[in-house]
Each structure stands twice: as C-alpha cells, then as structure tokens.
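Descriptive analysis of the structure
Spelled out, the chains give:
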Amino acid sequence: MTETLINATDRSLLQTRHLLTDIPGPRSLELHAERAEQVSSGFGIALPVFVERAEGGIVRDVDGNRLIDFASGIAVTSLGASNSRVAERVAAQLEKFTHTCFMVTEYEAFTKVCSWLNRNTPGDFAKRTALFTTGAEAVENAVKISRAATGRPNVLVFDEAYHGRSLLTMAMTAKVNPYKKNFGPMPDHIVRAASANPLRNAGVRVEQVLESVESTLREHDPFSFAAMVIEPIQGEGGFVVPMAGFIPGLRKLADKYGIVLVLDEIQAGIGRTGTLFASEHEQVAGDLVLTAKALANGVPLSAVTGRAELLNAPHAGGLGGTYAGNPLACEAALAVFEQLEDGVLLANARRIEQVVREVLEPLLDSTSIVAQVRGRGAMLAVEFADRGTLVPRPDLAAKVSRDCHSQGVITLTCGTHGNVLRLLPPLVIGEDLLRDGLEVLSRAIASAA
Ligand code: PLZ
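Note that the structure is a prediction, hence the values are computed from the model and not measured. (Residues numbered from 1 in each chain as written. Predicted model: local features only at pLDDT ≥ 70, side-chain atom pairs only at ≥ 80, totals over all residues. Heavy atoms only, no water.)

**A few points about the layout of surface pockets**
Rolled over the atoms, a probe as big as a water molecule pinpoints where empty space is left. Put simply, the rule reads: Here a cavity means grid points, on a 1 Å grid over the protein atoms only, where a 1.4 Å probe fits yet cannot get out; a pocket means an open set of points with protein on both sides within 12 Å along at least five of seven lines; lining residues are those with an atom within 4 Å of a point. Grid points are joined across faces, edges and corners, and a volume is the space filled by probe spheres set on the points. In DSSP terms, a helix is any run of H or I states spanning at least four residues, a strand is any run of E spanning at least two, and both are numbered starting from the N terminus. Polar here means any residue other than Ala, Val, Leu, Ile, Met, Phe, Trp, Tyr, Cys and Pro, which are nonpolar, and Asp, Glu, Lys and Arg, which are charged; Gly is therefore polar.
Each pocket or cavity is described by its volume, and for the second largest pocket that value is around 440 Å³. In terms of lining, the second largest pocket is formed by 22 residues, of which the most central are Phe102, Phe110, Thr129, Ala130 and Leu319. Elements with a minimum of two residues in the lining of the second largest pocket: helix H4 (108-120) and strand S4 (127-132). No other element matches S4, which puts five residues into the lining of the second largest pocket. In the lining of the second largest pocket, the residues fall into 13 nonpolar, eight polar and one charged.

Given below as structure tokens:
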C-alpha cells in the first residue's frame, strides 16, 4: 500500500514518527498558555500540541516533532491535510474570486459538486443537492426540507446519536455531557428511539429493536413524523455499527408511515469506510443523505442530497446561507471527487481495516479490558470495558489515549461513556506508518491491562 498512495511522490514531509521533545513540547506549552488567556474555555482539547505542518499521515508540531495522525481532524482530511490537488484547485480559485454568495451571483463549481453527489449517492431516482457549510447546518436543513415536504413536525433520532452542536442538532444529539449540559431548554418535537448496538444488546434480535422503534413512533403517532435521522455508523456515540438489518428495517418503517429517511453520513461518508457511502454496506438508499467533513478535505462544506421532490419542496428563497457552497470549498470538493474516482482510496480504506484488525484483534484474547474491536474501513475503534460485565472503562480509554499521545500518536476517544478509542487515519497513510502507530497503541493497551 505504501507505494500506491496517491500523493506518495510529492510529499515533502517525511512520513515517519520522530520525537525531539516531550509531547506536548515546550513551544506548544507556551502557545497553549497564550491560548488560555485569549480563547473561550468552552472549547475542549484532545492534545494540546500546536501544528506547524501536516501531510499524508504525519502532523509536525511547532517543536519539530512528527506525530502519526490517527484523527484526520475528526474524519476530515482523508486525503492528507495538505493534499496537493486540493491545494492547486483552491489556489487557482483564490486568484479568481473567493466569494460571491451563491444567492447573489452563481458559479459553476457549485452545480458540479451537486451533480457529483446526485450521481454518486445511493438510490436510483431523480436527485437534487443543496450545499451548506457545516455538518450541523446540513442536519438542520434536512429537517427543514423534511418538514416542508411532509407538513409534519416530529423528528425521530436514536440512542447514542450525534448530529451537531447547534440548538436543533444539540437536541438531536444523545449525550448530555458535554454537548447539552447547561444549554437548555431544548427545542421541541425531537423524539428518541432505541438504537441497535450489538455489543450492548447481546441476545436481542434486530426485530425486537425495530419493534421498539415502531412502538416509539406509535406513542407519538407515526404520521406526525417528518423525518427519522440516523448515522449508518454512529460516530461520536462510539463507532457503533448497528445490528445487521437495522437500517433496512428503518427503511421499511419510513416507507410504511411516509417518513423521510435521513442518513447522516457526515462522519462515515465520502470513502471513509471503504465505500463512497457507509450505507452502501447496508444496501439502503436514504431519501436524504448528509455529507460534510471529508467532502472538501477540510475546507468547510456540507451537503443535503436526495429525492428531487424533497429538495424542491421548500419555497424559493427558503434555503441558503451567506457562505453556503463557498467557491473555494466547492473547488476542494471537486479535487476530492477526482481522487476518489479510480477507487484506490477506497481500497486503501479497506486495507487499513485489514491491518488494524490483524494487529488489534489478538488483544481480545490477550487482555480482558478490550470488549470489542469494530468499525468499517478506516473508521475503527476499540471499546474498553470489563469483558465479563461490560462495565465501561473510560479511565482505560483515556489512559491508553494519553499514552499514545506521549509516544507521538494522535488518537481520539468517543462513546456515550467515553470508553471507546477511535482510529480515523487519513486514507493516504502509508502502511509502515500505520503499523508503527498500531504498535504504539497495542503496547499502550497491554500496559493498561
Ligand atoms: N453529524 C455524524 O460526526 C460532527 C464533532 C466534533 P459539524 N462530528 C464531530 C465536536 O465535538 O464538535 C458531526 C458528525 C455527524 C453531524 C456532525 C456535525 O458536524 O461540522 O461539526 O457541525
């Protein structure tokens, strides 16, 4: 895999882990102290390291350390954080104009991004796309579109869901701390149903979970629901791949009651799981599909794509936003699409899964603190819990993550209980680098056990 990588030839940042100082180093600590004097303390931090340059699978910090990137800025920089084709297209656009506002005067790249998404999202029906800026905005607009199309108020969401931090999407997100605490009251008409977490529902059949979802719908009148919104693989909630048959079962419920099925592919989509869209693993087409994050490889862009009759339901002028589908972001997205076209990146994602499973799955036998290794493609996670009782161990996830950080591997945790360590390497990471990072991780897990 190392040699087939798309950018392997034009990399100027050496693709090896290299530590010159403690992590964080002295310059990062200084800058972090300055930050604390200037920046709202409402922002958390996974690793207080200041970045000087990033490329491929490496992040170089201001102290000259080279760290392995197992985060990709939370599943964003899938093509590497300074992808040359993205840089070229954005630079060329910068010379022409940075912004017109698509609601004032138009530019072709906006249409081209919509056209690619219309062609490539699952579902053999006429589609339209609306572009926005952040993931949360895509979710909010999916709700607006579904309400306009159905004339109904309610929105069904699921346990362990994450959909954003804006007022509506915060209400749709399941986890209270840190996302919702002190920020209420929450907007109304959000109803939560059971999700189909296989680890936490051992012995439960998928039909039973679907019955429980249907009974939640019935409690509120199923015909009062505009949309049901689900992540095909739950991201912040713990990289939960739902039980087989769950998403297809939701598709059937949505059809039965005329509810818009919205697939939030913001974290899992755009190649991350080894297919363009994670819902392809389930062979389900959403009525609306949401993308953001990797869509423009770090230039802010999000999209709602789906059935033409839904996207055309809002009145003209009802959708928009000053920066919606900004031309720099559209050019970045077109550069991403070009590089997804030949399937090499998708193959890389699948190869990453093979390597990660080969290294981490033996831990299931050698320790009793790893309850599961799960995920798809380059969206993989380790859940820390007592193997017998399944009591979550966030302390171990935090310890292992800290250990990785100190060894120069950028890892993130997630999960309702904070006990899941997730791996989101860029799809262009070289195999040697990937294996080096995994070696650090397995040693950290062994020492925590
Ligand atoms: N839907 C499935 O994963 C963003 C959140 C980081 P925005 N996830 C990372 C944080 O702590 O704020 C996300 C997601 C899914 C929606 C969103 C929201 O996307 O671009 O952060 O608004």
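**Side note on the sheet that holds strand S11 (residues 370-376)**
Convention followed: When DSSP finds two or more bridges between two strands, those strands count as paired. Here an angle of 0 to 180 degrees is reported between the N-to-C directions of two axes, which are lines fitted to C-alpha atoms, with helices fitted over the stretch in contact. Note on definitions: a residue-residue contact is assigned when non-hydrogen atoms from the two residues lie within 4.5 Å.
Strand order in the open sheet formed by four strands is S11-S12-S15-S14, with antiparallel pairing between adjacent strands. On the outer flanks of this sheet lie S11 and strand S14 (412-414), each paired with one strand and no other. Sheet twist, expressed as the average angle between the axes of neighbouring strands with direction ignored, equals 30 degrees. Helix H13 (residues 394-406) contacts strand S12 (379-384), S14 and strand S15 (420-423) of the sheet and is inclined by roughly 40 degrees relative to S15. Where helix H14 (residues 431-448) meets the sheet, it contacts S11, S12 and S15, and its direction lies at approximately 170 degrees from that of S15.

**Overview of H13**
Quick reminder of the rule: Under the convention used throughout, the expected extent of a helix is 1.5 Å for every residue step, that is, one less than its residue count. Relative accessible area decides the class of each residue, using a 1.4 Å probe on protein chains only: under 20% of the type maximum gives buried, over 50% gives exposed, and in between gives partly exposed.
Here H13 spans 18 Å end to end across 13 residues, near enough to the 18 Å set by a 1.5 Å rise per residue. Within the sequence span of H13, burial applies to Leu396, Ala397, Val400, Ser401, Cys404 and His405. Backbone geometry just after H13 places Gly408 at a positive phi near 85 degrees.

**What about unusual backbone geometry?**
Going from Ile23 to Pro24, the amide bond is cis rather than trans, its omega being -5 degrees. Here Pro24 is to be found in the segment before helix H1 (26-38). Despite not being glycine, Asn182 shows a phi value in the positive range, around 70 degrees. The phi angle at Gln283 is positive, at roughly 50 degrees, despite the residue not being glycine.

**Concerning the site of the ligand**
Applied cut-off: Proximity is defined per residue: if any heavy atom of the residue lies within 4 Å of a molecule or strand, that residue is considered near it. Any N or O atom pair separated by 3.5 Å or less is treated as a polar contact, with the protein-specific requirement of one donor-capable and one acceptor-capable atom, and with residues adjacent in sequence counted only for side-chain atom pairs. Methods summary: accessible areas were calculated by the Shrake-Rupley approach with a probe of 1.4 Å, and residue burial reflects only the protein chains presented.
Contacts to the ligand come from 14 residues, most closely from Gly135, Ala136, Arg165, Asp264 and Gln267. Between the ligand and Ala136, the relevant distance is 2.8 Å, taken from an oxygen atom to a main-chain nitrogen or oxygen of the residue. Contact with the protein chains removes 81% of the 510 Å² of surface that the ligand exposes when unbound. Taken together, the residues of the shell around the ligand break down into four nonpolar, five polar and five charged.

**What to know about empty space enclosed by the protein**
Here is the rule we go by: Just so you know, the domain bounds were taken from an automatic or database domain assignment.
Applying the stated criterion to the full structure yields three cavities of 30 Å³ or more. Approximately 70 Å³ is the volume attributed to the largest cavity. If you go around the largest cavity, you meet 13 residues; those closest to its centre are Glu160, Asn197, Gly237, Glu383 and Asn419. Looking at the lining of the largest cavity, its residues break down into two nonpolar, seven polar and four charged. A domain-level breakdown of the lining of the largest cavity finds at least three residues from each of domain 1 (3-75 + 343-448) and domain 2 (87-340).

**What about the domain arrangement of the chain?**
Interface size, as often reported, equals the accessible area lost upon joining of the parts. In plain terms, the rule: Definition used for salt bridges: Asp or Glu carboxyl oxygen within 4 Å of a side-chain nitrogen of Lys or Arg.
By domain assignment, the chain separates into domain 1 (3-75 + 343-448) and domain 2 (87-340). Averaged C-alpha coordinates put domain 1 and domain 2 at centres separated by 26 Å. On the domain 2 side, the residues contacting the 36 residues of domain 1 number 27 residues. Ionic pairing is found between Arg422 and Glu236, a salt bridge with its closest N-O pair at 2.9 Å. Residue assignment for the side of domain 1 that touches domain 2 shows that the elements contributing at least two residues are helix H2 (72-75), helix H11 (344-360), S11, S12 and S15. Ranked by residue count, the leading element in the side of domain 1 that touches domain 2 is S11, at five residues. The class makeup of the residues in the side of domain 1 that touches domain 2 is 21 nonpolar, 10 polar and five charged.

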